[in-house]
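Take a look at the letters that make up each chain.
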Amino acid sequence: KFSEECSYTGITLTRYMIEFARANPELAELESILASIQTACKTISTLVRRSSMTGLVGLQGGGGSVNVQGEEQKKLDVITNDVLKNALKFSGKMATLASEEEDAPVALDEDDNYDAYRPKDIVIEEGNKYIAVFDPLDGSSNVDAGIPTGTIFGIFDEGDQTCVVDEGLPLTAAEQECLASTLRPGNALIASGYCLYSSATHFVFTLGAGVQGFTLDESNGEFVLTHPDIMLPPRGKIYSLNEGNRWAWDNALRDYVTAIQKGEGESGVAYTSRYIGSMVGDVHRTLLYGGIFAYAGDKKNVNGKLRLLYEAAPMSFLVEQAGGKAVTGLHRIMDIVPSGVHQRVPVIMGSPDDVAECQKYYTAESAKD
Ligand code: P6P
């Protein structure tokens, strides 16, 4: 939904956050956090746009650098992770960060350096009270081919303590109790959003009262409000998923996709397929045009590919705030309490009527069990 008037009134993200903080004093600290994130996104946008000329393409260290996911790290994965971590550190509001590119959550130590930490030596400076989760450059393998990529972030209000545990080791009672306060469900998010590096650089986020979309005006370096109060249409005509996984799909997904491909779904319209293999770009198009995006579980990957904490939950918060639905098939994603930082979860999200229709196939399939 565009508003010509808004795109020329110059309502910048900076001004929007000043007015938000004035109207919501209890959340005023989000102003500096969002300021840090928008600065990081502008830096990452430039790094991505210039990567072919600056040599920031290809694999970190020429190859062999693997992140905790077992994925080969790109040069940009590493540098964009540092950009975000430093931007958030200088916000002065962070207690803990969890990133796709970090093995475990990190916190600032007494020397104001990031360090993996344990409950006993966490230094929470006065005022530090937020947890940031992020994927600094989702879809980074697409950069070298000029395909859109993005940064995904979520902000939680700090619990009474934060902790990290050695996953795979038996959890102590203290760690179990502590973990419950750090790995929070999407319902606990107070802000989430993404930055899309595409034909333009877009900053789309929610603070829990609707979804606002900004576009980077490169003539003055400001994000300008161009997509106020984004709302998904109840139903679209586009489905977005990787058809290459078709023969591993569950029956529910296979039957649903076949129906909408044939025009035999509830709308009677044959849907078209759009998929770029970059979550931020696929979700952005879904938010604006409607339809359904999915990376569902299948026989190869029962929990799909996308991570709950810093991909699925922040995007689900946005989609629900835009009037959409976000589910695993049977369950609402925002309700799921993560059991680990890098836990994967099946994702089906988009227009409410489309997602509800898809869910009917999962419900019918589970009734057979
Ligand atoms: P596939 C990118 O690698 C990513 O994490 C998401 O951005 C994207 O939606 C998905 O994986 C694409 O995965 O298996 O279709 O290439």
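This structure is a prediction, so every number in the text was calculated from the model and none was measured.

What counts, and at which threshold
Residues numbered from 1 in each chain as written. Predicted model: local features only at pLDDT ≥ 70, side-chain atom pairs only at ≥ 80, totals over all residues. Heavy atoms only, no water. Buried < 20%, exposed > 50% of the residue type's maximum accessible area, 1.4 Å probe, protein only. Helix = DSSP H or I, 4+ residues; strand = E, 2+ residues; numbered from the N terminus. Pairing = 2+ DSSP bridges. Expected span 1.5 Å × (residues − 1). Contact = heavy atoms within 4.5 Å. Axes fitted to C-alpha atoms, helices over the stretch in contact; angles between N-to-C directions. pLDDT = per-residue confidence, 0-100. Near = heavy atom within 4 Å. Polar contact = N/O pair within 3.5 Å; in protein donor to acceptor, adjacent residues only side chain to side chain. Areas by Shrake-Rupley, 256 points an atom, 1.4 Å probe, with all protein chains shown as cover. Core = buried A, V, L, I, M, F, W, Y, C linked by side-chain atoms within 4.5 Å. Salt bridge = Lys/Arg side-chain N within 4 Å of Asp/Glu carboxyl O. Phe/Tyr/Trp six-rings, centres within 6.5 Å; stacked < 30°, edge-to-face > 60°. Parallel < 35°, antiparallel > 145°, perpendicular 65-115°, else oblique. Left-handed = near helix turned anticlockwise from the far one by under 90°.

Asks: I'd love a proper account of the pairing of strand E4 (residues 130–138), names of residues and values included.
Replies: Taken residue by residue, a regular strand's side chains alternate between the two faces of the sheet. Summarising burial for E4: 9 of the 9 residues are buried, a large majority. As defined by bridge partners, E4 adjoins strand E5 (residues 149–157) across 7 bridges and the pair is classed as antiparallel. Each bridged residue has a counterpart across the sheet, and for phenylalanine 134 the counterpart in E5 is phenylalanine 153.

Asks: Which residues make up helix H5 (residues 75–89), and what values go with them?
Replies: Spacing of three or four residues puts side chains on the same side of an α-helix, whose turn is 3.6 residues. Here H5 contains 15 residues, and its C-alpha end-to-end distance of 21 Å stays within 8% of the 21 Å for a straight helix at 1.5 Å per residue. Buried within H5 are the following residues: Leu76, Asp77, Thr80, Asn81, Val83, Leu84, Lys85, Ala87, Leu88 and Lys89.

Asks: An account of the sheet that holds strand E14 (residues 347–350) is requested, with residue identities and associated values reported.
Replies: Across a sheet, strands are paired by hydrogen bonds formed along the backbone, either parallel or antiparallel in direction. The sheet built from 5 strands is open, its strands ordered E11-E10-E12-E14-E13 with mixed pairing. Because the sheet does not close on itself, it has two edges, and the strands there are strand E11 (272–273) and strand E13 (325–327). Examined bridge by bridge, strand E10 (residues 238–240) and strand E12 (residues 292–295) share 2 bridges and lie parallel to one another. By the bridge assignment for E12, tyrosine 239 is matched with isoleucine 292. Helix-sheet contacts for helix H8 (residues 279–289) involve E10, E12 and E14, and the interaxial angle to E12 is about 155°.

Asks: Before we move on, could you go through the confidence of the model for the protein chain and cite the residues and values that matter?
Replies: On average, residues of the protein chain carry a pLDDT of 85, and 80% of them reach 70 or more. A low-confidence stretch, residues 1–7 (pLDDT under 50), is modelled with 14 contacts involving residues beyond four sequence positions or located in other chains. A low-confidence stretch, residues 116–127 stays under pLDDT 50, and its non-local contacts, those more than four residues away or across chains, total 26 contacts. The ipTM assigned to the predicted complex is 0.99, against a pTM of 0.88.

Asks: Can you break down the site of the ligand residue by residue, with the values?
Replies: What surrounds the ligand is the set Asp138, Gly139, Asn242, Tyr275, Gly277, Ser278, Met279, Phe293, Tyr295, Lys305 and Leu306. Between an oxygen atom of the ligand and a side-chain N or O atom of tyrosine 275, the distance comes to 2.6 Å. Within the contact set of the ligand, an oxygen atom lies 2.7 Å away from a side-chain nitrogen or oxygen of tyrosine 295. Relative to its unbound accessible surface of 400 Å², the ligand loses 81% to contact with the protein.

Asks: Lay out the environment of isoleucine 131 with the relevant residues and their values.
Replies: Residue position: isoleucine 131 is located in strand E4. Isoleucine 131 gets classed as buried once you look at its relative accessible area, which sits at 2%.

Asks: With reference to specific residues and values, describe the nonpolar core.
Replies: Within soluble globular proteins, side chains that are nonpolar tend to cluster in buried spots. The biggest cluster of nonpolar side chains holds 38 residues, and the ones touching the most others in it are Leu30, Ile155, Phe203 and Phe205. By residue number, the principal contributor to this core is helix H3 (residues 29–49), which donates 9 residues. Ignoring any residue separated from it by four or fewer positions in sequence, one finds phenylalanine 205 in contact with Leu13, Tyr16, Met17, Leu34, Phe153, Ser192, Gly193, Gly210, Val211, Gln212, Phe214 and Leu318. By size, the runner-up hydrophobic cluster in this structure holds 36 residues, among which are Val283, Leu287, Leu308 and Phe317.

Asks: Talk me through unusual backbone geometry; I want residue IDs and the actual numbers.
Replies: The phi dihedral of aspartate 229 is positive, around 50°, even though this residue is not glycine. Within the secondary structure, aspartate 229 is located in the loop between strand E9 (222–227) and E10. With relative accessibility at 42%, the residue aspartate 229 sits in the partly exposed group.

Asks: Kindly report on the pattern of salt bridges, identifying the contributing residues and their values.
Replies: Tallied over the entire structure, the rule returns 12 salt bridges. The shortest N-O distance in the salt bridge between arginine 49 and glutamate 218 comes to 3.6 Å. On the criterion of sequence distance, the pair formed by arginine 49 in helix H3 and glutamate 218 in the loop between strand E8 (211–217) and E9 is long-range, its members being 169 residues apart. According to the relative accessible area criterion, arginine 49 is partly exposed, its value standing at 36%.

Asks: Now, about the packing of aromatic side chains: what can you tell me, with residues and values included?
Replies: Counted according to the given criterion, the structure contains 7 aromatic pairs. A ring pair is formed by tyrosine 16 and phenylalanine 205, whose centres lie 6.0 Å apart and whose planes are at 85°; its orientation type is edge-to-face. Taken together, the residues tyrosine 16 in helix H2 (residues 13–23) and phenylalanine 205 in strand E7 (residues 201–206) connect sequence positions 189 residues apart. A relative accessible area of 2% means that phenylalanine 205 is categorised as buried.

Asks: Which residues make up the packing of H8 against helix H9 (residues 308–321), and what values do they have?
Replies: Running from N to C, H8 and H9 point in directions that differ by 15°, and their axes come no closer than 12 Å. Judged on the interaxial angle alone, H9 and H8 are roughly parallel. Note that H8 runs across H9; the crossing there is right-handed. Contact residues: H8 offers Met279, Val280, Val283 and Leu287, while H9 offers Glu311, Ala312, Met315 and Val319.

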